[in-house]
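Take a look at the letters that make up each chain.
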Amino acid sequence: VYPYNDGMQSRTAPRILIVDDNPPYRHLVAAWLRLAGYHINEAADGEHALVELERQTPIQPVDLILLDLQMEPMGGLNFMERLQGTPFAAIPVVLI
């Protein structure tokens, strides 16, 4: 997933979903990525991330998920298991 600072008019910035239960860390990562030109969605845990994914539209799909493993009530591994067999299973996931 490449940032949007390449000057191409027809290309939209990639959308990244950050899933982490530590708000200061999540907000810091989101701020850095916004400065780099990415669109950011945030979720506090796996349950909220599933809701965010359901809210996405074909016009603004999530291109990448940055996922914390240790969260409550739904951690990263449970979230990844829930993604299997859904339309979202093809979205790349980076564990943080």
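Let me begin by describing the structure that accompanies this report. Bear in mind that the values here come from a model prediction, so they are computed numbers and not experimental data.

Calculation notes
- Residues numbered from 1 in each chain as written.
- Predicted model: local features only at pLDDT ≥ 70, side-chain atom pairs only at ≥ 80, totals over all residues.
- Heavy atoms only, no water.
- Helix = DSSP H or I, 4+ residues; strand = E, 2+ residues; numbered from the N terminus.
- Contact = heavy atoms within 4.5 Å.
- Axes fitted to C-alpha atoms, helices over the stretch in contact; angles between N-to-C directions.
- Left-handed = near helix turned anticlockwise from the far one by under 90°.
- Nonpolar A, V, L, I, M, F, W, Y, C, P; charged D, E, K, R; others polar.
- Salt bridge = Lys/Arg side-chain N within 4 Å of Asp/Glu carboxyl O.
- Buried < 20%, exposed > 50% of the residue type's maximum accessible area, 1.4 Å probe, protein only.
- Lys, Arg positive; Asp, Glu negative; His and termini not counted.
- Pairing = 2+ DSSP bridges.

### As for the environment of Leu67
By secondary structure assignment, the location of Leu67 is in strand S3 (residues 64–67). In sequence terms Leu67 and Leu17 are 50 residues apart; their C-alpha atoms lie 8.2 Å from each other. Not counting chain neighbours up to four residues away, the residues in contact with Leu67 comprise Val19, Gly76, Phe79, Met80, Val93, Val94, Leu95 and Ile96.

### Digging into the packing of helix H2 (residues 46–55) against helix H3 (residues 76–83)
Between H2 and H3, the shortest axis-to-axis distance is 9 Å and the interhelical angle comes to 35°. The chirality of how H2 crosses H3 is right-handed. Two secondary-structure elements touch here, H2 through Gly46, Glu47, Ala49, Leu50 and Leu53 and H3 through Phe79, Arg82 and Leu83. Residues that form the contact of H2 with H3 fall into these classes: five nonpolar, one polar and two charged.

### Thoughts on the pattern of salt bridges
For the coordinates displayed, the defined rule picks out four salt bridges. Here Glu42 ties to Arg34 by a salt bridge, and the two come within 3.6 Å at their closest N and O atoms. What makes Arg34 partly exposed here is its relative accessible area of 43%. For Arg82, the salt bridge identified is with Glu47, shortest N-O distance 3.4 Å. Within this pair, whereas Arg82 is found in helix H3, its partner Glu47 is found in helix H2, the two being separated by 35 residues in sequence.

### A look at the side chain of Arg15
For Arg15, the position within the fold is in strand S1 (residues 15–19). The side chain of Arg15 sits in the buried core without any salt bridge; Asp63 is the nearest counter-charge, 6.3 Å away. When neighbours within four sequence positions are excluded, Arg15 is seen to be in contact with His39, Ile40, Asn41, Gln60, Pro61, Val62, Asp63 and Leu64.

### Focus: unusual backbone geometry
In this model, Glu72 is joined to Pro73 through a cis peptide bond whose omega is 0°. If you trace the backbone, Pro73 turns up in the loop between S3 and H3.

### Digging into the sheet that holds strand S2 (residues 39–43)
If you walk across this open sheet you meet the four strands as S2-S1-S3-S4, and the pairing is parallel. The open sheet has two edge strands with one neighbour each: S2 and strand S4 (93–95). The mean inter-strand angle of the sheet, taken between neighbouring strand axes irrespective of direction, is 20°. Of the strands in this sheet, S1, S2 and S3 touch helix H1 (residues 23–35), which is tilted by about 170° from S2.

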